[in-house]
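This is what each chain is made of:
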Amino acid sequence: MILDDIVKDKRNRLIEHKNKISEEKMKEMALASKRISYSFYDALAKNGLSIIGEFKKASPSMGIIQNTIELMNRIDQYNQSVDAISCLTEEDHFHGSAGYLKEIREISSLPILRKDFIIDEYQIYEAKVIGADALLLIAAILDDNEMKRFYELSYRLGLDVLVEVHDEEEMERALSLGAKIIGVNNRNLKDFTISLDTTKKLKRMVPDEIIFVSESGVTTDRDIQYLKYCNVNALLIGRAFMESDQPMELANRWKSIYLSKPKVKICGLTSMEDAQLVNEAGVDYIGIVLFYPKSKRNCSLEHAKSILEQLDSTMQKVAVTVSPSLAQIEQIEIAGFDILQVHGDLEEKVLETTKLKILKAFNEDVTQEVVERLASNDKVIGFVVDATIPGSGKNCDWNKVRQYDYKEKLLVLAGGLTDLNVQEAIEIVHPDIVDVSSGVEKEYGIGKERNKIINFIDKVRN
Ligand SMILES: O=P(O)(O)OC[C@@H](O)[C@@H](O)c1c[nH]c2ccccc12
């Protein structure tokens, strides 16, 4: 198993290190150090999301990492955007070194975590000497006694400890140790599989006073969307930053996604009063039903145009249609809509010719294959997952909705949302946009109600 190999090689490296600087000498230097650590704990405990940016040249799961920018430039970007730095010092499998940590120390006043396989007190003294502020203890390679000894020694030297766990049993051990900062590694170090569900599952065991870090495998915007509902204090990000030439931009974007709330789409406007209400409430998207007389909310194109004229220009205007013909779409295009929402069939020639951005609607029984085929078209900006009968006020099976991979497109959740269920829906589905129609109506199909809109938005944004 890879962990055993790493630990074995570590034992050999330890001999080498101790030959260069003896155990006694290292201990003496650590105890003599006057350096006051930057608090790793405080960096993670502050409000909002904290990010730990890693410096890592290679790893057993990914091999050599193609890093495009130099250490200097990278740390410069980290200094401006992240809250702490993690530096790999393991030589054989991660191509790290104590030297990198010393170099980073020279150019950063962020707290630095020594990322290594700690199996001996020597490494803790060494961490202090090379300028680290914190170190990693991996529960999987230590017994309870070692964990306690190493943990206490670290704090005596003024170093914080991130205790890393991967399953329930290790989590129990970290909790009984009294760890103040616990990290869950989403990567299984036995077979390298990654699942962010590990974070979700283990976070439930941890009281809120303990700082919780989600580590590894965070690479996409959607990963951030997912993790924001796990309520973590911090993310530890390696590969995604190492492979990016703009880690600062990535860190800033991910922080803002983490803090952002879903956007609100109010669907099925039918009157000037409705337009007035959505303007007042400040919604993000509206929808008007066209060419679908079966719906009580159907509007003629002329009427729709007059509603559009009333709406704030910042709002995205969506034409809601069912299996539209080419001729209908041409009319929609000139009426001033931004987006075309298509329920039912989306004909190939419609996709080819329209200039509008498209939201394709379906129910939760769609297949991953269909999602991917649609997602491969640039005009399709997202998906509306709705109840089988749109506008019926029924909601769809949220657990099914979250199963699919929507490929970085917008996910709009519709179907029976109200101010009473929208928070639960958001927690399960993590949509980019929540879509409501009957849930904010006075009575089915007869216009929107001010208080219902206000309560709904309040539940989404607060
Ligand atoms: O590159 P990633 O998938 O973003 O992962 C970063 C970090 O979590 C990972 O490097 C790591 C987590 N725990 C470790 C223990 C030892 C070495 C490395 C690690």
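Conventions and cut-offs
Residue numbers run consecutively from 1 along every chain, following the written order of its sequence. At least 70 in pLDDT is required for a residue's local features to be given in this predicted model, at least 80 for side-chain atom pairs to be given and counted, and no such filter applies to totals for whole chains, interfaces and linings, which use all residues. In computing side-chain properties, one takes all heavy atoms of the structure into account and sets aside hydrogens as well as water. The pairing test for Phe, Tyr and Trp rings, Trp by its six-membered ring, is centres within 6.5 Å, and the orientation test on the planes gives stacked under 30 degrees, edge-to-face over 60, and tilted for anything in between. Under the scheme used here, helices are H or I runs from DSSP no shorter than 4 residues and strands are E runs no shorter than 2 residues, and both carry numbers assigned from the N terminus. Any Lys NZ or Arg CZ that is within 6 Å of a ring centre and within 35 degrees of that ring's normal is treated as a charge sitting over the ring. Should a side-chain nitrogen of Lys or Arg be within 4 Å of a carboxyl oxygen of Asp or Glu, the pair is scored as a salt bridge. Burial status follows relative accessibility: with a 1.4 Å probe on protein chains alone, a residue under 20% of its type maximum counts as buried, one over 50% as exposed, and anything between as partly exposed. Domain delimitation in this document rests on an assignment produced automatically or drawn from a domain database. Pairs of residues are marked as contacts when any of their non-hydrogen atoms sit within 4.5 Å. Each of two parts loses accessible area, computed with a 1.4 Å probe, when they are put together; buried area is these two losses added. Polar contact criterion, stated in full: a pair of N or O atoms within 3.5 Å, where within protein one must be able to donate a hydrogen and the other to accept it, and residues adjacent in sequence count only if both atoms are side-chain atoms. The classification used treats Ala, Val, Leu, Ile, Met, Phe, Trp, Tyr, Cys and Pro as nonpolar, Asp, Glu, Lys and Arg as charged, and all other residues, Gly among them, as polar.

1. Focus on the packing of aromatic side chains
Under the definition given, this model contains 8 aromatic pairs. Aromatic pair Phe-241 and Trp-254: ring centres 6.1 Å apart, planes at 20 degrees, arrangement stacked. A residue pair is termed long-range when its members are at least 10 positions apart, and Phe-241 in helix H11 (residues 239-242) and Trp-254 in helix H12 (residues 247-259) qualify at 13 residues. Among the aromatic residues, ring-to-ring pairing joins Phe-362, Phe-383, Tyr-404 and Tyr-406 into one connected group. Above the ring of Phe-212, the side-chain terminus of Lys-203 is found at 5.6 Å from the ring centroid. Positioned above the aromatic ring of Tyr-444, the side-chain terminus of Arg-297 is 5.0 Å from the ring centre.

2. Some points on the pattern of salt bridges
Tallying each qualifying case throughout the model produces 31 salt bridges. Across the salt bridge formed by Arg-149 and Glu-121, the nearest N and O atoms sit 2.9 Å from each other. Taken together, the residues Arg-149 in helix H7 (residues 144-156) and Glu-121 in helix H6 (residues 121-130) connect sequence positions 28 residues apart. Residue class for Arg-149 comes out partly exposed when judged on its relative accessible area of 43%. Asp-144 is the salt-bridge partner of Arg-173, the closest N and O atoms lying 2.7 Å from each other. Here Arg-173, found in helix H8 (residues 168-177), pairs with Asp-144, found in helix H7; they are 29 residues apart in sequence, far enough to count as distant. With a relative accessible area of 47%, Asp-144 lands in the partly exposed category. Bridged by salt links that share partners, the residues Lys-10, Glu-91, Arg-114, Asp-116 and Glu-126 form one connected network.

3. Things to note about the domain arrangement of the protein
The accessible area lost on association of the parts is a frequent measure of interface size. One can read the domain layout of the protein as domain 1 (2-259) and domain 2 (263-461). Taken together, the 8 residues of domain 1 in the interface contact 8 residues of domain 2. Surface buried jointly by domain 1 and domain 2 totals about 780 Å² across both partners, of which 41% is contributed by carbon and sulfur atoms. Broken down residue by residue, the surface that domain 1 buries against domain 2 is led by Arg-222, Gln-225 and Tyr-229, which jointly contribute 68%. The tally of links from domain 1 across to domain 2 stands at 1 salt bridge. A salt bridge links Arg-222 to Asp-432, with the nearest nitrogen and oxygen atoms 3.0 Å apart. There are 3 residue pairs in polar contact (both at pLDDT 80 or more) connecting domain 1 and domain 2. Taken together, the elements giving at least two residues each to the side of domain 1 that touches domain 2 come down to helix H9 (197-203) and helix H10 (221-228). Counted by class, the side of domain 1 that touches domain 2 contains 2 nonpolar, 2 polar and 4 charged residues.

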